[in-house]
Protein chains: 4
Amino acid sequence: MSLRFDITPGSPQPIYEQIEGQIRRWIATGTLKEGDQLPSVRALAEQLTVNPNTVARAYSELTAEGLVASHAGRGVFIAARRQIYSEEERLRRLSCAMKRFFDETAFLDIPLAEILRRLEEAGTDYFTHSPKP
Amino acid sequence: MSLRFDITPGSPQPIYEQIEGQIRRWIATGTLKEGDQLPSVRALAEQLTVNPNTVARAYSELTAEGLVASHAGRGVFIAARRQIYSEEERLRRLSCAMKRFFDETAFLDIPLAEILRRLEEAGTDYFTHSPKP
Amino acid sequence: MSLRFDITPGSPQPIYEQIEGQIRRWIATGTLKEGDQLPSVRALAEQLTVNPNTVARAYSELTAEGLVASHAGRGVFIAARRQIYSEEERLRRLSCAMKRFFDETAFLDIPLAEILRRLEEAGTDYFTHSPKP
Amino acid sequence: MSLRFDITPGSPQPIYEQIEGQIRRWIATGTLKEGDQLPSVRALAEQLTVNPNTVARAYSELTAEGLVASHAGRGVFIAARRQIYSEEERLRRLSCAMKRFFDETAFLDIPLAEILRRLEEAGTDYFTHSPKP
DNA sequence: GTGGTCTAGACCACA
DNA sequence: GTGGTCTAGACCACG
């Protein structure tokens, strides 16, 4: 069964990040479990009609984060769940992301309460309506 | 009195965006008010030890957004508050910012509820405890 | 086929604005349609014998206005039509343009009625007889 | 009696152009007639609290266009009405101004008919409601 | 002195 | 190959 990626070439978000994001989400939502095999770089590149380097980069970053592990000659697999970042590092990253988010939205004249309401909605959506595999 | 910019060269976020973000925040929080003068392009470039063009770009984008106005030979000033974007555009920008935020935080294994709680706290803080200039 | 830009270096209107204006016109008149690719920054810079940064600035401002979208590594493309400015902002811009127009023409001793007649003619022409690309 | 100039320092339009524009309008509408004396450079600079160079530049450009004439040691006076530009040159300037006007407004999604209606209104206003001297 | 335009060229990210 | 960021420095317009 092949995973159903939804790639928008030429979105502001680079393709390799779109690939990464979908795999991360499938892992987060349980669609992909430890030990599951991902399509090969070449196969996925052909399926998405993108450059193999693009897929390779996505896999490489997921590997660096410990979400997947590649076994030379056999393929790329979902790794056992572990968190490479310390509690402190995670909170630091969350804090940076929040700061940036407010910097990007503070001048839109949208009340904080509405922003929070929409965030909750979008967040719930993000973690449940994961795109179908 | 000079503004206290906090610039991280070599961060994934370009320098001109960091400058923009901080000025936006100071405007949003009332630290900078209509009519206040910003440091000159050259002076700020020297203070931050970046190229004047980098500062000029930040000022130029803020000018295009109507947040500041530049007066040849006199300087750059905080403009009267107005909203140049349509409702639709503002929601589109909010939506992009939210998507980006979740992409940056979803893999941190922090429960959505906690993220939202921290966001509310940070948001409230953002608009009251403006960072010291 | 390459677009036929008409650039006057050393005009009071900066080169990047001249480039922007012509692309805006081609979009407004339908000569350029959603999805059409613009010449690469380097190619257009060479064609017009201007610095690539000058072309990049024009493209960057059109991107900020949502008229075109750039895709790293692939090129710059005409975006789907959308209006990012609020009604108020659009009228403000129209008003500025009208003021500027009268300041440029009032001293020509051409009767207002004739100016208006020619404007109507030129406007109709503008939106139908788009300049050949 | 002193003329009532309306100057907005730090508008996108430079101060010397604002001064020029108002004098041009007063001449066009008959508020200022041949032989009328303009305030001295120093007096007007003081009245508007701008740099004397700024006033001098406005007067200098009006002199170049033949609208006023300066008599050393006596002052600056409204000149006899004459048109220094040829018919051809005037139409060329009108044509440029129209092209620029449409380039600045075509993307605002305002129907041509409405633009023309507003132009007629603004034009009538421009030539009759001249700012009071 | 101020900001704005333009050039030249380096380096990086993306595909 | 594409566009994006940044530096360095020249030149002009404005006051």
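Numbering of residues begins from 1 in every chain and follows the order in which that chain's sequence is written. All chains are assigned letters beginning with A, and all ligands numbers beginning with 1, in the order in which they are written. Totals for whole chains, interfaces and linings use all residues, but because this is a predicted model, local features are given only for residues with pLDDT of at least 70 and pairs of side-chain atoms are given and counted only at 80 or more. Note that the side-chain values use all heavy atoms of the structure and ignore hydrogens as well as water.

- Under an unreviewed UniProt entry, the name given to chain A is GntR family transcriptional regulator, and the organism recorded is Terrimicrobium sacchariphilum.

1. Some thoughts on the overall build of chain A
Move 1: Of the regular secondary structure elements, chain A holds five helices and three strands.
Move 2: Only DSSP runs of H or I with at least four residues qualify as helices, and only runs of E with at least two residues qualify as strands; both kinds are numbered from the N terminus onward. Listed N to C, the secondary structure of chain A is α-β-α-α-β-β-α-α in terms of helices and strands.
Move 3: Relative to its full complement of 133 residues, chain A shows a buried share of 43%.
Move 4: The contact criterion used throughout is that any non-hydrogen atoms of two residues lie within 4.5 Å. Long-range contacts, defined as pairs at least 24 residues apart, comprise 52% of the intrachain contacts of chain A with a sequence gap of at least 6.
Move 5: Summed over all atoms, the accessible surface of chain A reaches about 7,300 Å², with 50% contributed by carbon and sulfur.
Move 6: Asp and Glu count as negative and Lys and Arg as positive, but His and the ends of the chain are not part of the count. Just so you know, the charge point we use is NZ for Lys, CZ for Arg, CG for Asp and CD for Glu. Chain A carries 17 positive and 18 negative side-chain charges, and their two centres are separated by 5 Å. Residue exposure (1.4 Å probe, protein chains only): buried if accessible area is under 20% of the type maximum, exposed if over 50%, otherwise partly exposed. We get accessible surface area from the Shrake-Rupley algorithm with a probe of 1.4 Å; when it comes to residues, only the shown protein chains can shield them.

2. Considerations on the protein's contact with DNA strand E
Move 1: The nearness test applies per residue and asks whether one of its heavy atoms lies within 4 Å of the molecule or strand. Close to DNA strand E lie 25 residues, the nearest being A:R57, C:I15, C:Y16, C:N53 and C:T54.
Move 2: Of all atoms in DNA strand E that approach within 4 Å of the protein, 67% are sugar or phosphate atoms.
Move 3: Here a phosphate oxygen of DNA strand E sits 2.5 Å away from a polar atom, N or O, in the main chain of C:I15.
Move 4: Polar contacts here mean pairs of N or O atoms no more than 3.5 Å apart (in protein, one a potential hydrogen donor and the other a potential acceptor; neighbouring residues in sequence count only if both atoms are side-chain atoms). Take C:T54: an N or O atom from its side chain is 2.6 Å from a phosphate oxygen of DNA strand E.
Move 5: Every element with two or more residues in the surface near DNA strand E is listed here: α1 (15-28) and α3 (52-64) of chain A, α2 (41-48) and β2 (75-78) of chain B together with α1 (15-28) and α3 (52-64) of chain C.

3. Brief notes about the packing of helix α5 (residues 112-128) of chain C against helix α5 (residues 112-128) of chain D
Move 1: At a minimum axis separation of 11 Å, α5(C) and α5(D) run at an interaxial angle of 160 degrees. The angle between the axes of α5(C) and α5(D) places the two elements in the roughly antiparallel class. Crossing handedness for the pair α5(C) and α5(D): right-handed. Where α5(C) abuts α5(D), its residues C:L112, C:L116, C:L119, C:E120, C:G123 and C:T124 lie against D:L112, D:L116, D:L119, D:E120, D:G123, D:T124 and D:F127.
Move 2: Class assignment for the residues of the contact of α5(C) with α5(D) results in seven nonpolar, four polar and two charged. Throughout, an axis means a line fitted to C-alpha atoms (over the contacting stretch in the case of helices), and angles, computed between N-to-C directions, take values from 0 to 180 degrees. Roughly parallel means an angle under 35 degrees; roughly antiparallel means over 145; roughly perpendicular covers 65 to 115; every other angle is labelled oblique. Two helices cross in a left-handed way if the nearer one is turned anticlockwise from the farther one by less than a right angle. They cross in a right-handed way if the turn is clockwise. Residue polarity follows a fixed list, in which Ala, Val, Leu, Ile, Met, Phe, Trp, Tyr, Cys and Pro are nonpolar, Asp, Glu, Lys and Arg are charged, and the others, Gly among them, are polar.

4. Let's talk about the packing of aromatic side chains
Move 1: Classification of ring pairs rests on two measures: the distance between centres of Phe, Tyr or Trp rings, Trp counted by its six-membered ring, which must be within 6.5 Å, and the angle between planes, read as stacked under 30 degrees, edge-to-face over 60 and tilted in between. Scanning the entire structure with this criterion turns up 15 aromatic pairs over all chains.
Move 2: Seen in terms of ring centroids, A:F101 and A:F102 are 5.5 Å apart; in terms of plane orientation they differ by 65 degrees. Their pairing is edge-to-face.
Move 3: Every member of this aromatic cluster is reached through a ring pair, and the members are C:F101, C:F102, C:Y126, D:F101, D:F102 and D:Y126.
Move 4: A cation sits over an aromatic face here: C:R57 above C:Y16, 3.9 Å from the ring centre. Two limits define a charge over a ring: the Lys NZ or Arg CZ must be within 6 Å of the ring centre, and within 35 degrees of the ring normal.

5. Comments concerning the environment of A:G10
Move 1: As for its position among the elements, A:G10 is in the segment before α1.
Move 2: A sequence separation of 94 residues divides A:G10 from A:E104, and the C-alpha atoms of the two residues are 22 Å apart.

6. Observations regarding the sheet that holds strand β3 (residues 75-78) of chain D
Residue and element names in this part refer to chain D.
Move 1: Strand order in this open sheet of three strands is β1-β3-β2, and the pairing throughout is antiparallel. The sheet is open, and its two edges are formed by β1 (37-38) and β2 (68-71), each paired on a single side.
Move 2: Relative to β3, β2 runs antiparallel, the two being bridged by four bridges. Bridging from a neighbouring strand, A69 pairs with F77 of β3. Here, a strand pair is defined by DSSP locating no fewer than two bridges between the strands.

7. Here's the deal with the relation of the copies chain A and chain B
Move 1: Once chain A is rotated about the relating axis by 174 degrees and shifted along it by 0.0 Å, it coincides with chain B to within an RMSD of 1.4 Å.
Move 2: Residue by residue, 97% of the interface of chain A is reproduced at the interface of chain B, so both copies engage with the same surface. When the copies are superposed, the least-squares fit draws on C-alpha atoms of residues that have pLDDT of at least 70 in both.

8. A short note on the UniProt feature "domain: HTH gntR-type" (unreviewed entry) in chain A
Move 1: UniProt positions are given in the numbering used here, feature names are shortened, and annotations may be inferred rather than shown by experiment. Residues annotated by UniProt as "domain: HTH gntR-type" (unreviewed entry) correspond here to residues 13-81 of chain A.
Move 2: The span residues 13-81 of chain A shows a helical share of 51% and a strand share of 14%, and its end C-alpha atoms are spaced 26 Å apart.

9. Overview of the protein's contact with DNA strand F
Move 1: Neighbouring DNA strand F are 24 residues; B:I15, B:Y16, B:N53, B:T54 and D:R57 lie closest to it.
Move 2: Among the atoms of DNA strand F lying within 4 Å of the protein, the sugar-phosphate backbone contributes 67%.
Move 3: Interatomic distance of 2.7 Å between a side-chain N/O atom of B:Y16 and a phosphate oxygen of DNA strand F.
Move 4: One of the backbone N or O atoms of C:V41 is found 2.9 Å from a phosphate oxygen in DNA strand F.

10. Some points on the nonpolar core
Move 1: A:F101, B:F101, C:F101 and D:F101 are the most contacted members of the largest nonpolar core, which has 62 residues in total.
Move 2: Going through the elements one at a time, α4 (87-105) and α5 (112-128) of chain A, α4 (87-105) and α5 (112-128) of chain B, α4 (87-105) and α5 of chain C together with α4 (87-105) and α5 of chain D are the ones with two or more residues in this core.
Move 3: Setting aside chain neighbours within four positions, we find D:F101 in contact with C:L94, C:A97, C:M98, C:F101, C:L119, D:I115 and D:L119. For the purposes of this section, nonpolar cores are sets of buried Ala, Val, Leu, Ile, Met, Phe, Trp, Tyr and Cys residues that join through side-chain atoms within 4.5 Å.

11. Description of helix α2 (residues 41-48) of chain D
All names here are of chain D.
Move 1: Residues L44, A45 and L48 constitute the buried set of α2. All buried residues of α2 fall inside an arc of 100 degrees around its axis, so they share one side. In α2, those exposed residues whose orientation departs by more than 90 degrees from the buried face are R42 and E46.
Move 2: For α2, the elements touching its buried residues are α1 (15-28) and α3 (52-64).
Move 3: Positive backbone phi, at 50 degrees, marks T49, one or two positions downstream of α2. Arc, as used here, means the arc of the directions from the helix axis to the C-beta atoms.

12. As for the interface of chain A and chain B
Move 1: Contacts between the two partners involve 37 residues from chain A and, on the opposite side, 39 residues from chain B.
Move 2: In the sections that follow, a salt bridge refers to a side-chain nitrogen of Lys or Arg positioned within 4 Å of a carboxyl oxygen of Asp or Glu. In this structure, the connection of chain A to chain B is made through five salt bridges.
Move 3: The partner of A:E104 in a salt bridge is B:R100, and the shortest N-O contact between them spans 3.2 Å.
Move 4: In this structure, the connection of chain A to chain B is made through twelve residue pairs in polar contact (both at pLDDT 80 or more).
Move 5: If you tally residues by element for the side of chain A that touches chain B, the top one is α4(A), at 13 residues.
Move 6: Residues that form the side of chain A that touches chain B fall into these classes: 18 nonpolar, five polar and 14 charged.

13. Focus on the sheet that holds strand β3 (residues 75-78) of chain A
Across a sheet, paired strands are connected by hydrogen bonds in the backbone, their directions being either parallel or antiparallel.
All names here are of chain A.
Move 1: Pairing is antiparallel across the open sheet formed by three strands, whose spatial order is β1-β3-β2. The open sheet has two free edges, formed respectively by β1 (37-38) and β2 (68-71), since each of these has just one partner strand.
Move 2: Note that β1 and β3 share two bridges and pair antiparallel. Looking at β3, one finds that Q37 is bridged to F77.

14. Digging into the domain arrangement of chain A
Move 1: One can read the domain layout of chain A as domain 1 (15-78) and domain 2 (87-128).
Move 2: Taking the mean C-alpha position of each, domain 1 of chain A and domain 2 of chain A sit 27 Å from one another. For each domain, the first and last residues come from an automatic or database assignment.

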